[in-house]
Amino acid sequence: MRRARQAPEAIGSRLWRGAGLVALAWAGGATLPPAVRANHLSGGEPDFVGYYAAGAIVLVFAGLIGALGLGPGRVRLLGRRLGPFLLVAGLGVLLTGAWQYARYPSPEALLGGGAWGRVAAWQIAGTTVVFSLFSAAVMLWAFRQGLMGFGEAAKYRFLQAGDPGDPRAAAPATGGAEHLVWIPLGVMAGFALFFVGAVAYVWFAVVRP
Amino acid sequence: MRLALDREGAAARLFFYFALAWLAVGMGFGLLAATLMVVPDLIRDVPVLEYFTFGRVRPVHTNLMLFGWLTSAYFGTLFYMLPRAVGAKVWSERLGSLTAIAYNLAVAGNMVALLAGANAGREYAESPWPVKWITAAAFVAVGVNMFMTVKNREDDGELYVSAWYFLGALVTTPVVYAIGNQFLLPTNPLRGVNDAIVNWFYGHNILGYWFTPVGVGAVYYLLPKLTGAPIYSHRLSMIGFWSLFWVYGPVGAHHLVNGPVPWWVQTVAIAFSVMLIIPVWTVVTNFYGTMQGRWHLVRESVPLKFVTAASVFYFVTCFQGPMQSLRSVSAITHFTNWVVAHAHIALLGTFSFVMFATIYYALPRLTGREIYSTRLMEWHFGLSLWGFLLMFVDLTVAGLVQGTSWVMTGSENFMEVVAKMAPYYITRSLSGVLLLGGQLVFIWNVYRTATAGRPVVAGTKPEPAQLAAGAELQTVRP
């Protein structure tokens, strides 16, 4: 009895908190001036769409990892609680970016082709709707067929079925081998820093002056 | 009467063997193209070879590497992995074998046509019209074969993620291919900017809807088999699958950023390019999660080394890609060697490395013979890895030098910049020698395996350990 009364409240408070986060993300993004832009050779058009998308990605992915319980041991519980909110916040940031972009005049609108720009926007919206509906229909069909329960059972069945795996997989762990993980991690981080650093250097040392 | 073409594994074997032949020929043309950029008059006045100008050799290299080596290897991967992933036999080995022969004859015809100067003039769609039809028919034939294989499976349970990736690729690729190849019409119906937009819709989506899903599906197949551990999270991998197929479609126009293309087309492409990071991170997370407690296996297993390197390069590709799609970054890097480096890290560093691992894994099981020489496998890995890294770093730096120089002078110093590129092109040629050498070692090892390898000792299926069949658990660490 107590549980039945608690459930609707829990859902309601979650919805309120989710809506609050979306509003917070929207307000935060909306107050960012469109001057968050990068100047470049073609005249100063902004890259802020990319920045909003990047921010949304970090929030959405962190939210996914948390909600699915995939975080490292110590933060797993925290991740499960925060995950859905981070997901919602990420979507909020994405929507904010789209709204900011819609406010920013495109070259077509500035040159007097506002009507053409609106037709183009309807085209992309229509394509997105059709494609999303198709994807949703396929997913719904797959769920009903029991092909896609998003469960974890499939990965165990796969390991046991089909061809036998590599016999070397049964080899016992040797001491110190886990440190090998730092090689690929280091390469990834190194290249990421190299790209960002190199482009930043070119911008600030060459392009801007 | 049962023909050799009907035998179990015949289609996969044929596709893999054809792929290896094109690997050698395609990389040879790549080395020739790189050398011609260092010594442009290398084959001038040499009988017959003088017709192999850079303008002909370069598309031969790209077509043989994409459609000869990688697509043949991918077809072989589908014929090997998909039936095993769904617990069924290939619906028709004979159809698969005949498809392999017809498709690779078309690849050979394409090579001859391009060397003769017949070029349709669009990136990755240079082939003559009959070759386009045979290629499209091959995709359809493989698709029908694979879908019938899945339909006839006995276990009606949930599909494993690799099966999803493979089937998704087979649904989307014929559509993408047809659109990008003049809608399979004899002449191109599009003109001007529309043509450019459709060309790059195709050019990027052949990567996103064919090369990426089959490559990632192969990684999800190989990782559990090579480590004995289930993948970290099947849910996360399925989210990666759906997000990949949803996000990839509009990104093609990032090849046309800052060009005379409608503003909103560029912006949509940029935004979706950045969002591509989500499916990539699902793969990288699953890789590191699955490898926990299993890093000692990397020391012993060359296929696992290739998969590890490919996973790293996959992340690097999809960090660099969204970054360079931004207008400000594209203004520096577009039309430079940075883009060439990026194309190679995707197709060579990532997906070719996955195919090397796949062939090393599948070949003993297809031929019933152990790999001839582990030492040659290590040489192959070393030469491929260091040859590729040398090329990638060299071309990335070269691209930054080009872009910076053009920015400083408004491209007035174009010819000076061309001359500045000489040491970078020499380095690229040297890296090509390492790479080609590694592949020749690989092909020799495969040849000796097929003809003189020791018979395989039958393996046993892994124990189910503490797991009840079909039980759902968050993590499994036996």
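All values reported here derive from a predicted model rather than from experimental measurement.

Rules of the game
- Residues numbered from 1 in each chain as written.
- Chains lettered and ligands numbered in written order.
- Predicted model: local features only at pLDDT ≥ 70, side-chain atom pairs only at ≥ 80, totals over all residues.
- Heavy atoms only, no water.
- Helix = DSSP H or I, 4+ residues; strand = E, 2+ residues; numbered from the N terminus.
- Rg over C-alpha atoms; globule rule 2.2 N^0.38 Å.
- Buried < 20%, exposed > 50% of the residue type's maximum accessible area, 1.4 Å probe, protein only.
- Areas by Shrake-Rupley, 256 points an atom, 1.4 Å probe, with all protein chains shown as cover.
- Lys, Arg positive; Asp, Glu negative; His and termini not counted.
- Charge placed at Lys NZ, Arg CZ, Asp CG, Glu CD.
- Salt bridge = Lys/Arg side-chain N within 4 Å of Asp/Glu carboxyl O.
- Contact = heavy atoms within 4.5 Å.
- Polar contact = N/O pair within 3.5 Å; in protein donor to acceptor, adjacent residues only side chain to side chain.
- Patch = residues over 30% accessible without salt bridge, like charges linked within 9 Å, V, L, I, M, F, W, Y side chains within 5 Å.
- Phe/Tyr/Trp six-rings, centres within 6.5 Å; stacked < 30°, edge-to-face > 60°.
- Core = buried A, V, L, I, M, F, W, Y, C linked by side-chain atoms within 4.5 Å.
- Expected span 1.5 Å × (residues − 1).

Visitor: For this particular structure, what's the right way to read the overall build of chain B?
Guide: Looking only at helices and strands, one finds 16 helices and zero strands in chain B. The C-alpha radius of gyration computed for chain B amounts to 22 Å, which stays within 12% of the reference 23 Å derived for 478 residues, consistent with globular compactness. Taken over the C-alpha atoms alone, chain B extends approximately 70 × 50 × 45 Å along its principal axes. Each of the 478 residues in chain B was classed as buried or not, and the buried ones make up 62%. Of the roughly 17300 Å² of accessible surface on chain B, a fraction of 67% belongs to carbon and sulfur atoms. Each charge sign in chain B was given a centre, from 29 positive and 21 negative side chains, and these centres are 5 Å apart.

Visitor: Which parts of the structure should I look at to understand the pattern of salt bridges?
Guide: Where charged atoms from two side chains of opposite charge come close, those side chains can pair. Evaluation of the coordinates by the stated rule reveals twelve salt bridges over all chains. Its salt-bridge partner being A:Lys155, residue A:Glu152 comes within 2.7 Å of it at the nearest N-O pair. Neither A:Glu152 nor A:Lys155 differs from the other in exposure class; each is buried. With a shortest N-O distance of 2.9 Å, B:Asp6 and B:Arg94 are connected by a salt bridge. Within this pair, whereas B:Asp6 is found in the segment before α1 (10–38), its partner B:Arg94 is found in helix α3 (residues 93–115), the two being separated by 88 residues in sequence. We classify B:Asp6 as buried; its relative accessible area is 15%. Accessibility expressed as a relative area gives 40% for B:Arg94, which makes it partly exposed. Via salt bridges that share partners, A:Glu152, A:Lys155 and B:Arg235 belong to a single interconnected network.

Visitor: What should I look at first to understand the interface of chain A and chain B in this one?
Guide: Every contact between the two is made by 85 residues of chain A and, on the other side, 97 residues of chain B. Run the count over chain A and chain B and you get three salt bridges. Here A:Asp163 ties to B:Lys225 by a salt bridge, and the two come within 3.7 Å at their closest N and O atoms. At the boundary of chain A and chain B, one finds 21 residue pairs in polar contact (both at pLDDT 80 or more). Only α2 (48–67), α3 (76–103), α4 (107–110), α5 (114–144), α6 (153–160) and α7 (182–207) of chain A provide two or more residues apiece to the side of chain A that touches chain B. Sorting elements by how many residues they give to the side of chain A that touches chain B places α7(A) first, with 15 residues.

Visitor: Looking at this structure, I do not really get a nonpolar patch on the surface. What am I missing?
Guide: Residue and element names in this part refer to chain B. A grouping of Val38, Val39, Leu42, Leu390, Ile426, Leu430 and Leu434 is seen on the molecular surface, where their side chains present a nonpolar patch of about 520 Å² in accessible area. Inspection of the secondary structure puts Val39 in the loop between α1 and α2 (54–86). In this structure Val39 comes out as partly exposed when scored by relative accessible area, which is 37%.

Visitor: Teacher, can you tell me more about the packing of aromatic side chains here?
Guide: For any pair of aromatic rings, the description rests on two quantities: the centre-to-centre distance and the angle between the ring planes. The final tally for this structure, using the stated rule, is 52 aromatic pairs over all chains. When the centroid spacing of 5.5 Å and the interplanar angle of 55° are considered together, the rings of A:Phe195 and B:Trp338 count as tilted. In this pair, A:Phe195 is assigned in helix α7 and B:Trp338 in helix α13 (residues 337–367), connecting two distinct chains. On the basis of relative accessible area, B:Trp338 is assigned to the buried category, the value being 0%.

Visitor: Hey, could you run me through the side chain of B:Lys305 in this one?
Guide: All names here are of chain B. Inspection of the secondary structure assignment puts Lys305 in helix α11 (residues 302–325). Residue classification places Lys305 among the buried residues on the basis of a relative accessible area of 15%. Dropping the residues within four chain positions of it, Lys305 is found in contact with Val298, Arg299, Glu378 and Phe381.

Visitor: What am I meant to see in unusual backbone geometry here?
Guide: In most cases, non-glycine residues show a negative phi, while peptide bonds are predominantly trans. All names here are of chain B. In this model, Asp45 sits at a positive phi of 65°, which is unusual for a non-glycine residue. With respect to the helices and strands, the residue Asp45 is situated in the loop between α1 and α2. A positive phi angle, close to 65°, is found at Tyr124, a residue other than glycine. Residue Tyr124 is classed as buried on the basis of its relative accessible area of 14%.

Visitor: Help me understand the nonpolar core, please; the structure alone is not making it clear to me.
Guide: Note on soluble globular proteins: their nonpolar side chains tend to be buried together. Among the nonpolar cores identified, the biggest contains 175 residues, and B:Trp69, B:Trp210 and B:Phe211 are the most heavily contacted of them. Considering each element in turn, this core owes the most residues, 18 residues, to α2(B). When near neighbours in sequence (up to four residues on either side) are disregarded, B:Trp69 contacts B:Ala19, B:Leu20, B:Trp22, B:Leu23, B:Leu64, B:Ser352, B:Met355, B:Phe356 and B:Ile359. A:Phe61, A:Ile65, A:Leu68 and B:Tyr232 belong to the second-largest nonpolar core, a separate cluster that totals six residues.

Visitor: Explain α11(B) here, please?
Guide: A turn of α-helix holds 3.6 residues, and therefore any two residues three or four places apart point the same way. Residues and elements named next belong to chain B. With 24 residues, α11 ought to run about 34 Å at 1.5 Å a step, and its terminal C-alpha atoms sit 34 Å apart, in line with that. Among the 24 residues that make up α11, 23 are buried, leaving the element largely enclosed by the rest of the structure. Among the residues of α11, the N-terminal cap falls to Ser301, whose side-chain oxygen and the backbone nitrogen of Leu304 are separated by 3.2 Å.

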